[in-house]
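Chain and residue survey
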Amino acid sequence: MTENPTESKPESTQYDYSFDYIQKKLEGKKDSYGMLMKEIIRAGICTECGTCAAVCPVLEWDHLSGQPKLVGKCTGCGICYNQCPRTITDPIQLMGEFKTGYVSNTNIPEVLGGQDGGTVTSLLCYLFDEHLIDAAIVSMKDPDNPWHPVAQIITSKDDAIKASGSIYSHSQTVEALMDAIREDYRSIAFVGTPCNIDAVDKMTNSPAGMLKYFMRAHILKIGLFCMDSFAPEALYPFFENDGIDLTKVAKMDINKGKFHIYYERDGEPVKSYTIAQLDKFKSSSCNFCTDLTAENADISVGSVGSGAKKNTVFARTGIGTEIVEDAASKGYLTIEPYNAINLNAVLFLAKLKKVSQYNIQKRKVFIVREPREVEEPRVETKPEEETVAKPLGSRKFLSVSKDIDEGEKILKISLTNSVGYILEDIKIRVVIVEELFEKKPWITTIRELFPFESIDIGYPLETVDDEIVYSNVLVEASTEKYGKIFSRTFKLAPKEEK
Ligand SMILES: Cc1cc2nc3c(=O)[nH]c(=O)nc-3n(C[C@H](O)[C@H](O)[C@H](O)COP(=O)(O)OP(=O)(O)OC[C@H]3O[C@@H](n4cnc5c(N)ncnc54)[C@H](O)[C@@H]3O)c2cc1C
Ligand code: SF4
Ligand code: SF4
Ligand code: SF4
């Protein structure tokens, strides 16, 4: 067939880098058996369905190890990787559906102090100027508590500019949204992290969502990309101990795996940490989060892949696309077509986030020790005075349960960290209490207990003629930082008598 000379090639547009482009890019990528091993089998998430072995002539199912086994030369064709039910090979799974991707930055001089390209704030300015919204939900810094976010209803572009910048911790944005709805605002822009956006999406779209049949307000969801957030009650004391004056901090920023702290917005960072250093202060919820790009938003805005002072933007819905393009045509923003470099960076990070939860392993450690006379038994057991103020109010640090292994004659004490950050150097003391006296004291230190991790301790029970002596056992836990964080006496009884 000859080419029709009158048919010219279509011009390149930003749509070249949309969904179809990503699909082709992923399809063209060679994924090998090595990646299947690394991401799926060694991560412990293989379902042993045997699909990989079923589709490849050089793979066999090894019944002994419950794994596929290479019995010939792998060509790296990627067929096994692309059939496995546990690999992520579909762009929608990675970053959600979107209509158009852009790189954008503000044209408004007052917004130049935005977190990255100032796109979110510029969109809010456009929406207020055009009377497309009568309120927006943003998160501002609490004036009484430095760098703690407070979700706010704002009604002007001046306030949108004041709210610019990122605070890397959870903000209760939906509470402010509900207040705005109760105050009768009808068209509301909602800015939030992917988890915030999911809440609003569920409220508006799920069968039992309380805003599903609600006609009085329209909500435009502007989502922020988000890799993780931090628990302020744990992160900020760490910063302060490291000499940072939070009241002087003008900006916090996460860039290329580092957390930077600035005293001047456009100056050099006063301190920088690797994300790995701050990992223990991460909110526990974020370990289980798989959404980098706010997949349920109308417009998603982030910085990854876009370069300094710019944003990566996905317009996901018709209304989202119209708003971004109209804001650009009216001069609020400069938008450029999204390109392969931006895309690679987003795909890489999105995949990292999707698979990160595979690596969360709940450690279950079982320690059995013979009781040691490591301390003088106390003569009288009574609750000790609290010496250290508890920063969590009445929130429990540890939840503790017990079980008797009658065969092994062991009391299993299961300790679970019930706060969202690592507890360090927990001193555990277990002792039998008889009337006012204590015996068989046993003490150990758990170096670190990760959020919601459980550790089982085996405490050998007293026996007479090989029969368990059922008594009362006191379990106490304390840390240097928080003082006594747990104290309870368990009354033991044979199982059938309970
Ligand atoms: C917890 C968190 C983690 C993030 N992680 C990443 C990441 O890993 N990769 C990436 O590319 N981008 C990430 N971002 C997004 C990034 O920091 C910018 O918000 C985004 O690029 C938009 O930039 P901008 O210049 O348009 O923002 P601006 O114009 O400065 O506007 C930012 C808006 O975000 C709102 N806001 C600030 N803090 C919060 C909060 N805690 N919760 C809800 N809303 C808030 C502000 O009210 C403001 O309206 C994260 C943001 C947050 C809040
Ligand atoms: S040859 Fe292809 S299908 Fe077989 S193991 Fe290698 S990558 Fe997988
Ligand atoms: S296809 Fe994937 S899940 Fe199934 S056996 Fe192979 S590696 Fe495991
Ligand atoms: S990582 Fe997920 S859960 Fe954590 S703040 Fe971001 S969107 Fe929310």
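Anything mentioned here points back to the structure above.
Figured I'd write up the structure that's included with this text.

Calculation rules
- Residues numbered from 1 in each chain as written.
- Chains lettered and ligands numbered in written order.
- Predicted model: local features only at pLDDT ≥ 70, side-chain atom pairs only at ≥ 80, totals over all residues.
- Helix = DSSP H or I, 4+ residues; strand = E, 2+ residues; numbered from the N terminus.
- Contact = placed C-beta atoms within 7 Å.
- Pairing = 2+ DSSP bridges.
- Axes fitted to C-alpha atoms, helices over the stretch in contact; angles between N-to-C directions.
- Near = placed C-beta within 6 Å.
- Nonpolar A, V, L, I, M, F, W, Y, C, P; charged D, E, K, R; others polar.
- Buried ≥ 20, exposed ≤ 12 C-beta atoms within 10 Å, placed from the backbone.
- Core = buried A, V, L, I, M, F, W, Y, C linked by C-beta atoms within 7 Å.

Observations regarding the environment of Ser 272
The topology assignment puts Ser 272 in strand β10 (residues 271-274). Taking C-alpha positions, Ser 272 is 9.4 Å from Ile 254, a pair spaced 18 residues apart along the chain. In contact with Ser 272, other than residues within four places in its own chain, are Lys 258, Phe 259 and His 260.

So, the sheet that holds strand β9 (residues 258-262)
A sheet is described by the order of its strands in space; here three strands give the open sequence β8-β9-β10, paired in antiparallel fashion. Looking along the sheet, the strands with just one partner apiece sit at the ends: β8 (251-255) and β10. Each adjacent strand pair in this sheet contributes to an overall mean axis angle of 20°, direction not counted. The pairing of β9 with β10 spans four bridges and is antiparallel. Looking at β10, one finds that Phe 259 is bridged to Tyr 273.

Comments concerning the site of ligand 2
Every residue near ligand 2 is listed here: Ser 32, Tyr 33, Cys 56, Val 58, Leu 59, Cys 74, Thr 75, Gly 76, Cys 77, Gly 78, Ile 79 and Cys 80. In terms of residue class, the shell around ligand 2 is built from eight nonpolar, four polar and no charged.

Looking at the site of ligand 3
Taken together, 14 residues sit near ligand 3, with Cys 46, Cys 49, Thr 51, Cys 52 and Cys 84 positioned nearest. Put simply, the parts of the chain that give the shell around ligand 3 at least two residues each are α2 (33-41) and α3 (51-55). Take the shell around ligand 3: its biggest share by element is three residues, from α2.

Comments concerning unusual backbone geometry
Notably, Asp 184 is not glycine yet its phi reads approximately 75°, a positive angle. Its place among the elements puts Asp 184 in the loop between α8 (173-182) and β6 (187-192). A count of 10 C-beta atoms within 10 Å places Asp 184 in the exposed class. Even without a glycine there, the phi angle at Lys 440 is positive, about 50°. Residue position: Lys 440 is located in strand β18 (residues 437-449).

Let's talk about the pairing of strand β2 (residues 67-70)
Sheet topology places strand β1 (residues 59-62) next to β2; four bridges connect them, and they run antiparallel. Within β2, the position partnered with Leu 59 by the bridge is Leu 70.

What about the environment of Ile 222?
Mapped onto the elements of the fold, Ile 222 is located in strand β7 (residues 218-224). By the C-beta count within 10 Å, which is 26 here, Ile 222 ends up buried. A C-alpha to C-alpha distance of 5.8 Å links Ile 222 and Ser 300, two positions 78 residues apart in sequence.

With respect to the nonpolar core
Among the nonpolar cores identified, the biggest contains 58 residues, and Ala 136, Ile 137, Ile 188, Ala 189, Phe 190 and Ile 222 are the most heavily contacted of them. The leading source of residues in this core is helix α6 (residues 119-129), at seven residues. In this structure Ile 137 touches Ala 151, Ile 153, Thr 173, Ala 176, Leu 177, Ala 180, Ile 188, Phe 190 and Val 191, once residues within four positions along its chain are discounted. Among the nonpolar cores identified, the runner-up in size contains 20 residues, and Ile 426, Val 431, Ile 446 and Ile 485 belong to it.

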